[in-house]
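An overview of the molecular structure
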Amino acid sequence: MDFFVITCKTKTLKMSELKDLIQDKISKESFSGNGSLKALSQKGLQLFNEQGIPTVKHEEWRYTRISAVLNKDFSYAKGATAVTAKDVEEFRLPGHENANELVFVNGIYHAELSMIRSSADELVIIPLSEAVKGEYKSIVDSNLGHSANYHKDGINALNNAFAYQGLFISIKKNKSVEHPLYCYYINDARSENVLSQPRTLIHVAANAEVKIVEEEVTIGSSDSFINKISEIIVEENAQVHLYKIQNEDSHSSCVKTTHVRQVGVSKVNSVTITLNGGVIRNNLNFILEASGCESNMYGLYCVKGNTHVDNHTIVDNKMPNSLSNELYKGIIDENATAVFNGKIFVRPDAQKTNAYQSNKNILLSDTATINTKPQLEIFADDVKCSHGCTIGRLDEEALFYLRSRGIGEKAAKALLLHAFAIEILEKIELEPIRQYVDQIISERLDFKI
Amino acid sequence: MLSIKNLQARIEEKEILTGINLDIKPGEVHAIMGPNGSGKSTLASVLAGRSDYEVTAGSVEFFGKDLFELSAEDRAREGLFLAFQYPVEIPGVSTTNFVKTAVNEIRKYRGEEPMDAVAFLKLMKERMKLVNIDQALLSRSLNEGFSGGEKKRNEIFQMAMLEPKLAILDETDSGLDIDALRIVAEGVNKLRTKDNATLVITHYQRLLDYIVPDFVHILYKGRIVKTGGKELALELEEKGYDFIKEELGEEVEA
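What counts, and at which threshold
Residues numbered from 1 in each chain as written. Chains lettered and ligands numbered in written order. Predicted model: local features only at pLDDT ≥ 70, side-chain atom pairs only at ≥ 80, totals over all residues. Heavy atoms only, no water. Phe/Tyr/Trp six-rings, centres within 6.5 Å; stacked < 30°, edge-to-face > 60°. Helix = DSSP H or I, 4+ residues; strand = E, 2+ residues; numbered from the N terminus. Buried < 20%, exposed > 50% of the residue type's maximum accessible area, 1.4 Å probe, protein only. Lys NZ or Arg CZ within 6 Å of the ring centre and 35° of its normal. Pairing = 2+ DSSP bridges. Axes fitted to C-alpha atoms, helices over the stretch in contact; angles between N-to-C directions. Contact = heavy atoms within 4.5 Å. Salt bridge = Lys/Arg side-chain N within 4 Å of Asp/Glu carboxyl O. Polar contact = N/O pair within 3.5 Å; in protein donor to acceptor, adjacent residues only side chain to side chain.

Overview of the packing of aromatic side chains
Counting across every chain of the model gives 10 aromatic pairs over all chains. Relative to Tyr184 of chain A, the ring of Phe91 of chain A has its centre 5.8 Å away and its plane inclined at 70°; by these criteria the two rings are edge-to-face. One end of the pair, Phe91 of chain A, is in the loop between α4 (85–89) and β3 (100–105); the other, Tyr184 of chain A, is in strand β7 (residues 181–188), with 93 residues separating them in the sequence. There is no split in this pair, since Phe91 of chain A and Tyr184 of chain A are both buried. Relative to Phe63 of chain B, the ring of Phe62 of chain B has its centre 5.0 Å away and its plane inclined at 70°; by these criteria the two rings are edge-to-face. On the accessibility criterion, Phe62 of chain B (2% relative accessible area) is buried. Pairwise contacts between aromatic rings join Phe400 and Tyr401 of chain A together with Phe84 and Phe98 of chain B into one cluster. Sitting over the ring of Phe345 of chain A, Arg347 of chain A keeps its end group 4.6 Å from the ring centre. A cation sits over an aromatic face here: Lys165 of chain B above Phe63 of chain B, 5.0 Å from the ring centre.

Overview of the sheet that holds strand β3 (residues 29–33) of chain B
All names here are of chain B. Here six strands make up an open sheet; going across it, the order is β6-β9-β10-β3-β11-β12 and the pairing mixed. Of all strands in the sheet, those with a lone pairing partner are β6 (80–83) and β12 (223–228), marking the two edges. In this sheet, neighbouring strand axes are inclined to one another by 20° on average, regardless of whether the strands run parallel or antiparallel. Sheet topology places strand β9 (residues 166–170) next to strand β10 (residues 197–202); five bridges connect them, and they run parallel. The residue of β10 that forms the bridge with Leu166 is Ala197. In the packing of helix α6 (residues 148–162) onto the sheet, contacts are made with β6 and β9, and the angle to β6 comes to roughly 170°.

Examining the sheet that holds strand β16 (residues 294–303) of chain A
Residues and elements named next belong to chain A. A sheet is described by the order of its strands in space; here 10 strands give the open sequence β4-β3-β7-β10-β12-β14-β16-β18-β20-β22, paired in mixed fashion. The open sheet terminates on both sides in strands that have one partner only, identified here as β4 (108–109) and β22 (384–392). The pairing of β3 with β7 spans six bridges and is classified as parallel. Its bridge partner lying in β7, Glu101 is registered against Tyr182. Strands in contact with helix α9 (residues 409–425) are β14 (267–276), β16, β18 (323–332) and β20 (354–363); relative to β18, the strand with the most contacts, it is inclined by about 150°.

Considering the interface of chain A and chain B
Taken residue by residue, the interface counts 18 residues in chain A and 31 residues in chain B. Taken together, chain A and chain B are joined by three salt bridges. For the salt bridge of Arg403 of chain A with Glu73 of chain B, the shortest nitrogen-to-oxygen distance reads 2.5 Å. If you look at where chain A meets chain B, you find 11 residue pairs in polar contact (both at pLDDT 80 or more). Of all the secondary-structure elements, those providing two or more residues to the side of chain A that touches chain B are α8 (396–403) and α9 of chain A.

Following this line, the structure appears as structure tokens:
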């Protein structure tokens, strides 16, 4: 496969070096003919050059300071590293025996470490630079970079600049992919700080069905930052399940943008589980471009230490009769901080839209923080929208009820917290993954039956 | 087993219990009746260890131990049980898991091994019959979406599983139709032994047709103003609470 590999060390993302690096790559002979890809990379580079890393002055980044994390030497996306199959073995997720495993090393798809079980007539995996030339050209041309319409900031632009090393995945028409896609995003931070820019464009054709699980992994103890964009196009009658598991150490941070366009009547479920990490920003966008779409967005963040987790979601209803349902729950302990920002747009044509949003938080310490903000912009008159958020401690009455049955205070709290979390865990329709996450949460909460 | 002496309690600045004296011995059934606001539920809450109330005077001994030295969970582990007037709905916790946790926490307190899954299931099946509750209900989230009758049956089922020495039934008859009332009362009766006792708190006499008390106490303005046998409940039913007020009025005037 023809992937570009770049290596560059900069102090605080020094622009001139980055520019030379990317310019050099995209002006190369092999890159000509990759029209939309080349254009996106160039535009990304230019925009990043203008804007840089967003600071807290940027409205969308008010509570999440990634500039502080990125203010040091990082190696950009060095693809060929010493990551071996044995390393991968360490963090394979339960149920992998039955999964397609896609391994990305420092942002770049690594075919040798990956294990594809599905046949090519249902699952296609090719570099974006190849997809942009062949039968998928029109799909790539009309979808690649669409998320930039919603994120006009330097961090989105930075990933766009690296789009030429991205991956294209297609789930073929009428195919229900039996083997879920497990995607591991590995940063090899054994010898240096790594900033990686994984990029995928996932095309789910009409009547297709797929489940995708994503996990970030850092090897080594240097700093790791993943700036990832996944753009997903969902066609008529397709069904997609997206599960994210985030459980890293404090030296691993990320910005993950998942941008879903439902271009035909279709159903997409997303569950984002955040268990720990450094600074984590998840952008999750659902653009509902057909009538009668269903989008379910669930999230659970169960964080402690100094973890900072920020979930920014957008539901953009463009056509009538769609249903979106959003529930994010948080258990925040110690010095951890959580941010929830849920935007819902209902455009003038999107009559009969049903859009629900709820964010519920439990703070376990006096130093835990939550910033939560719903944003509804409704331009149609016949819609049902609701939003709500709660921030609280455990229900005293429920706690007393449990204690009055002989259950000690600690165990009673664990029982209630687990009960709070389970509503989200039950949305994971992939049993080994659900069990795996439940086990981690139970251990975290010291919950036993 | 339970000895209450001059118990006084308040919530925030409001005095609710103004001096209660009550002795309960093994094998006995006591009923506490009284008009709304007389302090019936407060008494139940104070005994079970709800933290909203402040005990300002008096003492309560439970098998010789100072009840107020024990946390709510330790009171339960010592054998006190409160059937709630309004059982709490807890989404995400099944009744089965909840009861299993409770049984094993109590066993741990007593220095016993946790009950294994097979023994627990056997005990559960046996006790389910007492209150005519089925397993499907118990595998659902605790009390969530349960009818009033199902919630109260679930309370008595928990009581059957935990085998308390003293069960306090706080307005267990409220919100029950006559059939549900009968099932609940029969469950309570089947659990009676010479070693345990029951304290029934109720506004109406009707429950006492099924759970027949040895003693009936009338609570008024935070203290017990009259004690008698089961016939006192009937008298109250017939004459209404006003007759107590009249009696008290006479006392006050005399």
